[in-house]
Amino acid sequence: MASLKFDDNNVPYLDLGDGYRIALEGDEYTDAKAKEKAARELRETPDVVEQSLQELRSLLQEEKTLYVPMDNDAFMIKFLRPCKYYAQSAFELIKRYYRFRSKHPDLCDELYPASVKHVYAEGLVHFLPLRDQHGSRILVLECGIANNSFPKKQVRLVSFVFSKMFLLWALPLALYLLYRWSIATYDYFEKRNVPYVKPVPFFGQVLSFFTQGRHAVDVASEGYRMFPNTRISGVFTLRTPAYLVHDPTLYKQMATKDFDHFTDHVTDFRIETDPILARSLFFTNGAHWRHHRSGLSPAFTGSKMRSMFGLLSKSAGDAMGRLLVFADGKPFTMELRDLYSRLGNDVMTSISFGVEVDSLTDRDNEFFLKGKRLAQIDGLPGLKFLMATTIPRVFHFFRLSGMYKDVNDFYTDAVARNIQLRETNRITRPDFIHLLLQARKNTLGAEKHEDEALQDAGFSTVKEHAFEQKGEGKMSWADIDIAGAAASFFFGGIETTTTLLCFTSYELAVNPDIQDRLRAEIDEQRESLADGRTPTYEVLQKMKYLDMVVSEALRRWTPLGLTNRKCTKNYTFTNTDGSRVTIERGQNISIPLKYFHLDEKFYPDPLRFDPERFADPNNINQDAYVPFGTGLRNCIGSRLALMQAKCILFYMLSNFIIKPDTKLTIPIVIDETSAGLNAKHGFWMNLVPRSAVLFLPTPTEKWKPSKVSLTDLFRAVQLALEAGMYEPRTQLNGAVVILDMEGLALSQIMQFTPKFAAMALDWIQQCTAMRLKSVHIVNNSYLFNMLFAIFKPFLSEKLRKRLFFHQKDWNSLMSHVEAKCLRPKYGGTLECLETDGMLLGEMFELYHKEYELANSFGYLKKQD
Ligand code: HEM
């Protein structure tokens, strides 16, 4: 524990262990290096000092209403040094400094450490024990807001129910007409000698879409079980025939070697009606897809994933902290689909947009609500998807769109604003928008020496194929293309990863021995972690059993059970009976990933959840293990999905024991009405905290405005800077400020009234007698960036040049402040006890006399 001590000269210091301490250094520097620097940078030679002291004294004598200790050289030098010994400038600075104090008595009167002891106690303002490589003091302000409230779950079903009721009365007439028109094509497979599933009449199919007797993936894959001895069969979706691939090797061949025949996905959205979806990687086709895929691939390499991992882990770790606070050490019941989709949304919002949201607390935040609407594939959007896939001409004739307009507008706007903010403020952050902007400038490439070791996120990781762009000319990345790409990550990533986490948690809950073994592996790895709780990319890569569990969950509960291709060039192959089958250009192909995974031929006792299957990967038929698809159009996000799922499981099992709740149905009942894979009655689990306090992440969001007012915070900062100004070494080398905006919330931003902001700007730019070398803003969110954009025009050129925005890019921070001075949470290597704010406040209080003297100076008040 940190402690307050005194050295041999009776100077107080805060002992942080291992030789690290924080003390105010009141003595003049005497070493040659500092003297040489002072002479070089500040013109500090005995003659100049003497002369400027005299000049300043005579200038001050003219300022009759200002009371300052003119006989006190140390006092005068405090102002002369930041002004490089130009007496006139120091004189102006002194006047501004004391005018500011007179003008703002609420902020500056009776400025004693004791009056803001609570601010220090909260750890909001403190110094780091080491100076930076230039000798500057490092002052840290942690301004993020603390918010641990966790409101009760709000059920949002009304609009969903309403949309279904609408469909029930609006559709029947149209369906009857479609039925008459549909029957004609049903002899398609008969003519081609391909076994096929006799279709339910069109009308019945549409009706079953809403009443749903069976899961959509199962309906589409019915032929897989009916015709065990063929490589391909036929099936109808509405009136459209589709081939169903039975042989995983054929799928692989189509997706890799013969990719030229199957370059496209089936669903056809148009740019005019679906500007975002049509540009998303999932739905775009042809040259546009090639351009986007080859441009985006470098954003998903192992090294990019590793650099993004910090954001991901931080977002998941913070959420886990809130869950623990909510749990308060006691078991509680929770529906995990809701939890995981909120976590997934927060992670994706952070790594895509650089916006920190907390969907556990701020339950109706726009990113979450729009993300949900974007990924909705049931109800009306589901019907539209079906139409765009099976009757695209009708879909386009009515100019229908697959995505809600408000969702379109939201992503278009959010991306455009985000890009503008970054470009005007030169913000960089290791997230997708940043990478996509690099793709726009053609500077996004795989690392020169891509670290092979980082590529493997687990057994299920799919290979990224390199392919040539085929003379389609150069395409550019407009803002809308970037929006489309970002939306495709939300669309493709959140529900799938949520499904993986839900079913893995279910299996862990009903197989406690597997859960215990996995937890033992996690606990073992935690011992190797610097803080014992925050997993790193490399640690997750090492975890064999975690990988076995996740691989088996992806097999047993394949999140995307069916994928598709469009035949883009006639394709002929030999069927099992020796007959030649030709798939014609324009035909749809379905690939039943789920059924490969549940096929006894490949996986004995396939319904059993058994991670041991993956103990030796050589036992797995690689062609028949395709949770992320295969070939050139496989899932671009497999590494991200695996790392995210593993990271969240790591946190969950570190902190909780997952037990089935009484509301959980065992075995799980699948929701047949959902197009995705889901549990009918939810994933209700009982989460039992392990040792809550032990694993509680350090709360980084510190500022509780109910405890510390903005005025007090400001006063505490002034006092800390005053302390720095007292030190000759800091007068020479200046100060570096780290402004940690972790968790800054809108409510907090609202406290910065225009009046307060103007005052703060005036103070920092004009009235502090401190050489402010640089201000580093870290963990800054989208909200902060918006706030800053308002202030920017009012900043002086000088200050603007000294402001650096790093978000969470610690390499960027460390290019200014060397690693050994920074704590690990800022990417540094400074491993000593945290500064105890309470003790720091007490240490400042020991300088009461000095502060008292300082408070006695200034402009005389009227009554004086
Ligand atoms: C457990 C989680 C996930 C699963 C099981 C999954 C599965 C799949 C599958 C099966 C495909 C189709 C492959 C094919 O047709 O051969 C796919 C495509 C895709 N996935 Fe994922 N995915 C997951 C997570 C993600 C994440 C996190 C992202 C976002 C970054 C993502 C983005 C995409 C995109 C953009 C495509 C379309 C690729 C293209 O057409 O070029 N997926 N995914």
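Residues numbered from 1 in each chain as written. Predicted model: local features only at pLDDT ≥ 70, side-chain atom pairs only at ≥ 80, totals over all residues. Heavy atoms only, no water.

Caption draft 1: Representation of the overall build of the chain within the structure. The number of helices and strands found in the chain is 38 helices and 19 strands. A separation threshold of at least 6 residues defines the contact pool for the chain, and within that pool the share at least 24 residues apart is 78%. In the form shown here, the chain has an accessible surface area of approximately 37000 Å², with 55% of it arising from carbon and sulfur atoms. (Helix = DSSP H or I, 4+ residues; strand = E, 2+ residues; numbered from the N terminus. Contact = heavy atoms within 4.5 Å. Areas by Shrake-Rupley, 256 points an atom, 1.4 Å probe, with all protein chains shown as cover.)

Caption draft 2: Structural context of the site of the ligand. Of all residues adjacent to the ligand, which total 29 residues, the nearest are Trp289, Arg293, Thr563, Arg565 and Cys635. Here Tyr251 contributes a side-chain N or O atom positioned 2.8 Å from an oxygen atom of the ligand. Gly492 places a main-chain nitrogen or oxygen 3.4 Å from a nitrogen atom of the ligand. It is helix α23 (residues 479-510) that contributes the most residues to the shell around the ligand, 6 residues altogether. (Near = heavy atom within 4 Å. Polar contact = N/O pair within 3.5 Å; in protein donor to acceptor, adjacent residues only side chain to side chain.)

Caption draft 3: Examining the sheet that holds strand β10 (residues 563-566) more closely. An order of β7-β8-β13-β10 is seen for the 4 strands of this open sheet, with the pairing classed as mixed. In this open sheet, the two strands that pair with only one neighbour each are β7 (232-237) and β10. The average angle at which neighbouring strand axes cross in this sheet is 35°, direction not considered. Where β7 lies against strand β8 (residues 240-245), 6 bridges are found, and the strand directions are antiparallel. Note that in β8 the partner of Ser233 across the bridge is Leu244. (Pairing = 2+ DSSP bridges. Axes fitted to C-alpha atoms, helices over the stretch in contact; angles between N-to-C directions.)

Caption draft 4: Fine view of the environment of Lys601. Its place among the elements puts Lys601 in the loop between α27 (593-597) and α28 (638-655). Here Lys601 falls in the exposed class, since its relative accessible area comes to 62%. Placed 23 residues apart in sequence, Lys601 and Ala624 show a C-alpha to C-alpha distance of 9.7 Å. (Buried < 20%, exposed > 50% of the residue type's maximum accessible area, 1.4 Å probe, protein only.)

Caption draft 5: How the structure looks around the nonpolar core. Counting residues in hydrophobic clusters, the biggest one holds 151 residues, and the most contacted among them are Phe353, Phe432, Ile583 and Met652. Among the elements that line this core, the one with the most residues is α23, at 16 residues. The next biggest cluster of nonpolar side chains, apart from the first, holds 86 residues, and it includes Leu42, Leu59, Cys108 and Leu141. (Core = buried A, V, L, I, M, F, W, Y, C linked by side-chain atoms within 4.5 Å.)

Caption draft 6: Layout of the coordination of the iron atom of the ligand. Protein coordination of the iron atom of the ligand is limited to a single donor, Cys635 (SG), which sits 2.3 Å from the metal. Examined against the element boundaries, Cys635 turns out to sit in the loop between α27 and α28. (Donors = N, O, S within 2.8 Å, 3.2 Å for Na, K, Ca; no water.)

Caption draft 7: Quick look at the UniProt feature "binding site: heme" (unreviewed entry) in the chain. Per the UniProt record, "binding site: heme" (unreviewed entry) is found at Cys635. The exposure class assigned to Cys635 is partly exposed, which follows from its relative accessible area of 29%. Other than its neighbours up to four places away in sequence, Cys635 contacts Arg293, Val462 and Phe628. (UniProt positions renumbered as here; feature names shortened; annotations may be inferred.)

Caption draft 8: Quick look at the packing of aromatic side chains. In this structure the tally under the stated criterion is 44 aromatic pairs. Taken together, a centroid distance of 4.5 Å and an interplanar angle of 25° make the contact between Phe503 and Trp557 stacked. Here the residue Phe503 occupies a position in helix α23, and Trp557 occupies one in the loop between α26 (544-556) and β10, the gap between them amounting to 54 residues. Neither Phe503 nor Trp557 differs from the other in exposure class; each is buried. A connected cluster of aromatic rings, assembled from ring pairs, spans Tyr67, Phe75, Phe79, Tyr97, Tyr98 and Phe857. One residue, Lys198, lies across the ring of Tyr196, its end atom 4.9 Å from the ring centre. Positioned above the aromatic ring of Trp557, the side-chain terminus of Arg556 is 3.9 Å from the ring centre. (Phe/Tyr/Trp six-rings, centres within 6.5 Å; stacked < 30°, edge-to-face > 60°. Lys NZ or Arg CZ within 6 Å of the ring centre and 35° of its normal.)

Caption draft 9: Molecular detail of the confidence of the model for the chain. Mean pLDDT over the chain stands at 83; residues scoring 70 or higher make up 85%. In this model, residues 146-166 is a region of pLDDT below 50 whose contacts with residues beyond four sequence positions or in other chains number 25 contacts. Considering only residues more than four positions removed or in separate chains, one finds that residues 692-700, a stretch of pLDDT under 50, has 20 contacts. Here the complex is predicted with pTM 0.65, and the ipTM for its interfaces comes to 0.99. (pLDDT = per-residue confidence, 0-100.)

Caption draft 10: How the structure looks around a positive patch on the surface. A grouping of Lys84, Lys773, Lys798 and Arg802 is seen on the molecular surface, where their side chains present a positively charged patch. Looking at the secondary structure, you find Lys84 in the loop between α3 (73-80) and α4 (87-103). The partly exposed category is assigned to Lys84, whose relative accessible area is 35%. (Patch = residues over 30% accessible without salt bridge, like charges linked within 9 Å, V, L, I, M, F, W, Y side chains within 5 Å. Salt bridge = Lys/Arg side-chain N within 4 Å of Asp/Glu carboxyl O. Lys, Arg positive; Asp, Glu negative; His and termini not counted. Charge placed at Lys NZ, Arg CZ, Asp CG, Glu CD.)

Caption draft 11: The arrangement of the side chain of Gln587 in detail. Within the element layout of this structure, Gln587 appears in the loop between β12 (580-583) and β13 (588-591). Owing to a relative accessible area of 14%, Gln587 belongs among the buried residues under this scheme. With sequence-adjacent residues up to four places away left out, Gln587 is seen in contact with Tyr188, Pro241, Tyr243, Arg565, Lys566 and Cys567.

Caption draft 12: Spotlight on the packing of helix α15 (residues 302-327) against α28. It is the contact of α15 with α28, at a shortest axis distance of 9 Å, that shows an interaxial angle of 30°. As judged from the angle between their axes, α15 and α28 are roughly parallel. In this structure, α15 crosses over α28, and the sense of that crossing is right-handed. Mapping the contact onto sequence places Gly302, Met305, Phe309, Leu312, Ser313, Ala316, Gly317, Met320 and Leu324 in α15 and Arg639, Leu640, Met643, Gln644, Cys647, Ile648, Tyr651, Met652 and Asn655 in α28. (Parallel < 35°, antiparallel > 145°, perpendicular 65-115°, else oblique. Left-handed = near helix turned anticlockwise from the far one by under 90°.)

Caption draft 13: Expanded view of the pattern of salt bridges. Applying the stated rule across the entire model yields 51 salt bridges. Among the ionic pairs, Asp247 bridges to Arg231, the shortest N-O distance being 2.9 Å. In this pair, Asp247 sits in the loop between β8 and α13 (248-255) while Arg231 sits in the loop between α12 (222-226) and β7, placing the two residues 16 residues apart along the sequence. Judged by relative accessible area, which is 18%, Asp247 ranks as buried. Between Lys405 and Asp409 there is a salt bridge whose closest N-O contact spans 2.7 Å.

Caption draft 14: Quick look at the pairing of β10. Residues Thr563 and Arg565 of β10 are buried on one face, while the alternating residues Asn564 and Lys566, pointing to the opposite face, are not. Across 4 bridges, β10 lies against β13 in antiparallel orientation. Bridge assignment links Arg565 to a residue of β13, and that residue is Ile589.

Caption draft 15: Structural view of the sheet that holds strand β14 (residues 656-660). Strand order in the open sheet made by the 3 strands is β9-β15-β14, with antiparallel pairing throughout. A single partner strand is all that each edge strand has here, and the edge strands are β9 (332-335) and β14. Here the average twist between neighbouring strands, direction ignored, is 35°. Relative to strand β15 (residues 684-689), β9 is paired through 4 bridges, and the arrangement is antiparallel. Within β15, the residue paired with Thr333 across the bridge is Asn686. Strand contacts of α23: β14 and β15, with the helix running at about 80° to β14, the strand carrying the most contacts.

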